[in-house]
Amino acid sequence: MPAISNKGLSMPESPIRKLVPFADNAKQKGINVIHLNIGQPDIKTPQVALDAVKNNDISILSYAKTEGSYNYREKLAHYYLKNNITINADDILVTTGASEALSFVIGSIADQYDEIIIPEPFYANYNSFSTAFGVTVIPIVSKIETGFALPSIIEFEKAITKKTKAILICNPNNPTGYLYSKKEIKQLAHLVKKHDLFLIVDEVYREFIYDGKEHYSVLKESNLEENAIVIDSVSKRYSMCGARIGCVITKNQILRNTILKFMQARLSPPTYALIASEAALDTPQSYFDDVIEEYASRRNILITELNKINEVTVVNPQGAFYCIVSLPIKNSDTFAQWLLENYSLENETIMVAPAGGFYATENLGNNQIRIAYVLEKEILKRAVRILREALNTYILNEHSKEYILKEI
Ligand SMILES: Cc1ncc(COP(=O)(O)O)c(C=O)c1O
């Protein structure tokens, strides 16, 4: 057989993919599986976006403009202006999801063996996109004990080498739910300026901020025009994950011209999805107010219930819709598999994302899971009850012995 590339072989698998067959088996046995593992919101897509696709009279489904139409980018610029961020249509390049934006940015700023520093745990695909370009991720640990706050700037500075091209953060964070403060963003801005690096901020969860806190975008930093890159998407903001529309925002024109070459090679973002995304910009503020209120109350229930379980630690997330939960076990991979293979309570079990896959440092996060609270409150309550009972059984019961043995 012709050989597969080393790059291909070293591409990381999705941290939850290996659990999918176990979830399918459980479902085949008639067990209801509550999916706490994925960030697919159950919130309705704004009607204006759906109607725009239904009601248009396109007769030729042609290519769209490579970087997205000027109209769409101008309306997008206006959206940011409403959020006190001053950018122009020209600063925006429309991509096929934040995924493509991340991929093209990494391809445009880093060569093989170059390095990107990322606080861990991080969105696992940052590793995949970096690997695809032969780029090395240099992790810096953020700890549950400090609420997953930004690690000290000294640690970032120590990690910078001649190969470092960028620092990448996700604000608010997937998987921790941490909201970086203005002070932390300013510290990073100062550091990248000092070392002439890019600062990539993935802001796809920018709308999901709780407890009256405010999101501070890196785009508000003056003097950072050459360094700052924002990644954004309609996926979560409008619950339009299937549209596959995102964007890169940067005032660095040379970088934009480079990214544009990657974009030209893939021709255009999807036309129908652009129509939906442009219409989505007319979504009334009341939609977001309702959605944020819903997520905040889901979070409150989830965190309150989790805190009732012995030896379980969780940080109250200030943004996005995820949290990392530390459990009194040694290996969350085997625990997650056991939940699907061997456990059910009243014919239901839960699927969780083992957190090891969100860390680049080996053996970190092995006792942690990530939970996405994109389910209704009653389901979340049932899910935490299942987790509590399952932990009791797992720790005490004979049934789980073989799994516990695997952990040692
Ligand atoms: C932090 C983060 N960035 C990027 C993405 C990808 O977004 P998109 O659907 O726009 O490709 C996700 C998706 O879950 C995400 O969580």
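This one's a predicted model, so the numbers in the text were calculated from it and none came from an experiment. One numbering rule holds for all chains: residues counted from 1, following each sequence as written. In keeping with the predicted nature of the model, local features appear solely for residues at pLDDT of at least 70, side-chain atom pairs appear and are counted solely at 80 or more, and the whole-chain, interface and lining totals rest on all residues. For the side-chain quantities, the full set of heavy atoms in the structure was used; hydrogens and water were omitted.

To continue, consider the packing of aromatic side chains. Stacked, tilted and edge-to-face are the three classes applied to pairs of Phe, Tyr and Trp rings, where Trp contributes its six-membered ring and a pair requires centres within 6.5 Å; stacked means planes under 30 degrees apart, edge-to-face means over 60, and tilted covers the rest. Scanning all chains against the criterion turns up 18 aromatic pairs. Seen from their ring centres, F104 and F262 are 5.6 Å apart, and the 35 degrees between their planes marks the pair as tilted. You can see F104 sitting in helix α5 (residues 97-109) and its partner F262 sitting in helix α9 (residues 253-265), a full 158 residues away along the chain. Look at F104 and you get buried, because its relative accessible area is 10%. Residue classification places F262 among the partly exposed positions, given a relative accessible area of 26%. An aromatic cluster is built from Y205, F208, Y295, F321 and Y322, whose rings are joined through pairwise contacts. A run of H or I in DSSP becomes a helix once it reaches four residues, and a run of E becomes a strand once it reaches two; helices and strands are each numbered from the N terminus. Throughout, exposure labels follow a simple rule: accessible area from a 1.4 Å probe, protein chains only, divided by the maximum for the residue type, with under 20% read as buried, over 50% as exposed, and the rest as partly exposed.

Further remarks concern the pattern of salt bridges. Counted as salt bridges are all cases of a side-chain nitrogen of Lys or Arg within 4 Å of a carboxyl oxygen of Asp or Glu. The final tally for this structure, using the stated rule, is 20 salt bridges. The closest approach of N and O atoms between K65 and E67, which form a salt bridge, is 3.2 Å. Judged by its relative accessible area of 48%, K65 falls in the partly exposed class. Across the pair E348 and R382 runs a salt bridge, and its minimum N-O distance is 2.6 Å. Remark: R382 occurs in helix α13 (residues 377-396) and E348 occurs in strand β11 (residues 348-351); sequence separation between them is 34 residues.

Before going further, it helps to spend a moment on the domain arrangement of the protein. Interfaces are often sized by the amount of accessible area the parts lose when they come together. When its domains are assigned, the protein resolves into domain 1 (6-44 + 286-407) and domain 2 (47-280). An automatic or database domain assignment supplies the residue ranges for each domain. A separation of 27 Å is found between the C-alpha centroids of domain 1 and domain 2. Whether two residues are in contact is decided by their heavy atoms, any of which lying within 4.5 Å being enough. Listed by partner, the interface residues are 38 residues for domain 1 and 35 residues for domain 2. Computed with a 1.4 Å rolling probe, the buried area is the accessible surface lost when two parts are put together, summed over both parts. In total, about 3,000 Å² of surface goes out of reach between domain 1 and domain 2, with carbon and sulfur atoms giving 63% of it. By the criterion of area lost to domain 2, the three top residues of domain 1 are F288, Q318 and F358, representing 20% of everything that side buries. Linking domain 1 with domain 2 are one salt bridge. Here R299 ties to D211 by a salt bridge, and the two come within 2.8 Å at their closest N and O atoms. N or O atoms within 3.5 Å of each other form a polar contact, as long as, within protein, one can give a hydrogen and the other can take it, and as long as residues adjacent in sequence are counted only when both atoms are side-chain atoms. Put simply, domain 1 and domain 2 have 15 residue pairs in polar contact (both at pLDDT 80 or more) between them. Those elements giving two or more residues to the side of domain 1 that touches domain 2 turn out to be α1 (6-10), α11 (285-307), β10 (322-326) and β13 (368-372). Top contributing element to the side of domain 1 that touches domain 2 by residue count: α11, with seven residues. Amino acids outside the nonpolar list (Ala, Val, Leu, Ile, Met, Phe, Trp, Tyr, Cys, Pro) and the charged list (Asp, Glu, Lys, Arg) are all regarded as polar, and Gly is one of them. Across the side of domain 1 that touches domain 2, the residue classes break down as 23 nonpolar, eleven polar and four charged.

Turning our attention to the site of the ligand. Close to the ligand lie 14 residues; A98, S99, D202, Y205 and S233 are nearest. Taking A98, its main chain carries an N or O atom lying 2.7 Å from an oxygen atom of the ligand. Near is defined per residue: the residue qualifies when any heavy atom it owns lies within 4 Å of the molecule or strand.

Attention now goes to the nonpolar core. The term nonpolar core refers to a set of buried residues drawn from Ala, Val, Leu, Ile, Met, Phe, Trp, Tyr and Cys, joined through side-chain atoms within 4.5 Å. Formed by 142 residues in total, the largest nonpolar core has its most connected members in L306 and F335. With nine residues, α11 is the single largest residue contributor to this core. Built from parts of two domains, this core gets at least three residues from each of domain 1 (6-44 + 286-407) and domain 2 (47-280). With sequence-adjacent residues up to four places away left out, L306 is seen in contact with V312, V314, C323, V325, I371, V384 and L387.

What follows is about the sheet that holds strand β6 (residues 198-202). The seven strands are arranged β2-β8-β7-β6-β5-β3-β4 in an open sheet whose pairing can be described as mixed. Looking at which strands have only one partner, the edges of the open sheet turn out to be β2 (92-95) and β4 (136-141). Each adjacent strand pair in this sheet contributes to an overall mean axis angle of 25 degrees, direction not counted. Pairing between strands is defined by DSSP: at least two bridges between the two strands are required. Here four bridges tie β6 to strand β7 (residues 228-233), and the two strands are oriented parallel to one another. Residue pairing across strands places D202 opposite I231, the latter belonging to β7. Strands β5 (164-170) and β6 of the sheet are contacted by helix α8 (residues 182-195), whose axis makes an angle of about 170 degrees with β5. Note on definitions: angles span 0 to 180 degrees between N-to-C directions of axes, and those axes are lines fitted to C-alpha atoms, for helices only across the stretch in contact. Contacting β2, β6, β7 and β8 (246-249), α9 runs over the sheet at an angle of about 20 degrees to β2.

Attention shifts here to the packing of α5 against α9. Where α5 meets α9, the axes come as close as 9 Å, and the angle between the chain directions of the two elements is 120 degrees. By the angle between their axes, α5 is oblique relative to α9. Taken as a pair, α5 and α9 cross one another with a handedness that is right-handed. On α9, the residues touching F104, V105, G107, S108 and I109 of α5 are L255, T258, I259, F262 and M263. Angle categories: roughly parallel below 35 degrees, roughly antiparallel above 145, roughly perpendicular from 65 to 115, and oblique for all the rest. The sense of a crossing depends on the near helix, which, turned anticlockwise from the far helix by less than a right angle, makes the crossing left-handed and, turned clockwise, makes it right-handed.

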